[in-house]
Every structure is written in C-alpha cells, then in structure tokens.
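So the chains spell out like this:
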Amino acid sequence: DADPVEKMKVGLRRFLEVTARSPSVQRIMEYEAAIGGPRLDYIAERYILPYLSPRLGRFEETTAIEKRDLHLPSLALLIATGTTAFFTQAALARKIGGPDPFSEDGIERHIRTMTTVLFYGVLGRPPEQTGT
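Everything quoted here is computed from the prediction, not taken from an experiment. (Residues numbered from 1 in each chain as written. Predicted model: local features only at pLDDT ≥ 70, side-chain atom pairs only at ≥ 80, totals over all residues. Heavy atoms only, no water.)

Enquirer: I would appreciate a short explanation of the overall build of the protein chain in the present structure.
Expert: Summing up its helical and strand segments, the protein chain has 7 helices and 0 strands in all. In the protein chain, the order of α-helices and β-strands from amino to carboxyl end is α-α-α-α-α-α-α. With respect to the three principal axes, the spread of C-alpha positions in the protein chain is 40 × 40 × 30 Å. Sorting the 132 residues of the protein chain into buried and exposed places 31% on the buried side. At a minimum sequence separation of 6, the contacts of the protein chain that also span at least 24 residues come to 60%. With an accessible surface of roughly 8500 Å², the protein chain has 60% of that area assigned to carbon and sulfur atoms. Placing the 17 positive and 17 negative side-chain charges of the protein chain at their respective mean positions leaves the two points 4 Å apart. (Helix = DSSP H or I, 4+ residues; strand = E, 2+ residues; numbered from the N terminus. Buried < 20%, exposed > 50% of the residue type's maximum accessible area, 1.4 Å probe, protein only. Contact = heavy atoms within 4.5 Å. Areas by Shrake-Rupley, 256 points an atom, 1.4 Å probe, with all protein chains shown as cover. Lys, Arg positive; Asp, Glu negative; His and termini not counted. Charge placed at Lys NZ, Arg CZ, Asp CG, Glu CD.)

Enquirer: I tried to follow the packing of aromatic side chains on my own but got confused; where do I start?
Expert: The way to describe two aromatic rings as a pair is by their centre distance and the angle between their planes. Inspection of every chain in the model, using the stated rule, returns 3 aromatic pairs. Each ring, one from Tyr42 and one from Tyr47, has its centre 6.4 Å from the other, and the planes form 75°; the classification is edge-to-face. When the ring of Phe86 is compared with that of Phe87, the centres are 5.5 Å apart and the planes differ by 70°; the resulting orientation is edge-to-face. Overall, Phe86 belongs to the buried group, its relative accessible area being 17%. The exposure class assigned to Phe87 is buried, which follows from its relative accessible area of 0%. Each residue in the set Phe86, Phe87 and Phe102 is aromatic and connected to the rest through ring pairs, giving one cluster. (Phe/Tyr/Trp six-rings, centres within 6.5 Å; stacked < 30°, edge-to-face > 60°.)

Enquirer: Quick question: what am I supposed to make of a nonpolar patch on the surface here?
Expert: A cluster of nonpolar side chains, contributed by Tyr42, Tyr47, Ile48 and Leu49, occupies part of the molecular surface with about 390 Å² of accessible area. Relative to the helices and strands, Tyr42 resides in helix 3 (residues 38-63). The class of Tyr42 is partly exposed, set by a relative accessible area of 44%. (Patch = residues over 30% accessible without salt bridge, like charges linked within 9 Å, V, L, I, M, F, W, Y side chains within 5 Å. Salt bridge = Lys/Arg side-chain N within 4 Å of Asp/Glu carboxyl O.)

Enquirer: Would you explain the environment of Ala76 in this entry?
Expert: Mapped onto the fold, Ala76 is located in helix 4 (residues 72-82). In sequence terms Ala76 and Arg125 are 49 residues apart; their C-alpha atoms lie 19 Å from each other.

Enquirer: What am I meant to see in the pattern of salt bridges here?
Expert: It is possible for side chains bearing opposite charge to pair when their charged atoms get close. This model, assessed by the stated rule, comprises 6 salt bridges. A salt bridge links Glu6 to Lys9; its shortest N-O distance comes to 3.9 Å. Placement of the pair is Glu6 and Lys9 together in helix 1 (residues 4-21), with a separation of 3 residues, close to one helical turn. Judged by relative accessible area, Glu6 falls into the partly exposed class, the value being 24%.

Enquirer: What's the story with the nonpolar core in this structure? I'm lost.
Expert: Nonpolar side chains in soluble globular proteins tend to be buried together. Core analysis: the biggest nonpolar cluster contains 19 residues, and Leu16, Phe59, Ile65, Leu75, Phe87, Phe119 and Val122 have the highest contact counts within it. Every element with two or more residues in this core is listed here: helix 1, helix 4, helix 5 (85-88) and helix 7 (104-123). Residue contributions to this core peak at 7 residues, all from helix 7. (Core = buried A, V, L, I, M, F, W, Y, C linked by side-chain atoms within 4.5 Å.)

Laid out in structure tokens, this is it:
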C-alpha cells in the first residue's frame, strides 16, 4: 500500500547498500553484460528479469517514461551501472574527492545524491525530501 515513488526510492537505496557491501558482484555483472553469452543468459534469466519485469509496468505507470518518449532500458542500465560506479570505481572516486566511498557518510551521501538526481528526472519534479 506504500506510495509507489517511495517504494522505488527504497528499492534504489537497498540496491546501493548491497553494492556498497559487495561491489565485486556488480563488477562481475558489468563484465558479463559487456561480453554476453551463456553466463549472462543465466544471470539475467535467474536473477534480473524475474525481479525487474514485474516492476517495469509499475515504474512506467508512476513515471510515464515511455509516454514522455524516453527509453526505459537506457534508464534501467543507468541505474544498474551509473549509480554503482561510486563503489565499483572507488579508487577513482577517492581521487575525485569527497568522503571515502565505503564510509557510512560516503554511502549515505551517495544514496541521497543518486535518489535526488534520478527521481528529479524520472518524476519531472523534485522528489519530496524524506529519509530515503
């Protein structure tokens, strides 16, 4: 019964928290996604598509991405890889500056930044400022 936008924000938060704890899983996923083949097929069919497919309709209903002539797969890949780069490319993130990517402050600031930037774009308005 929760607000659909709030559900999406919580989902993004959980995804980024998991990636912060285990960035190597995302690196493996990105490698397999780049080359394709049976391992990617297995990962996609077993883990990604069963999770993603039921949510895409609700996402479109809430954000009207396709109705605004935007490309939902592009957004899905941006979320899957762009939002995780702070953790998967931590050495570069440290060189750029800011908090350590794996510190509590670094994780929280990154999640807050990604949530605000992404949801401002997908909603076409600033997201309400809540705890997520």
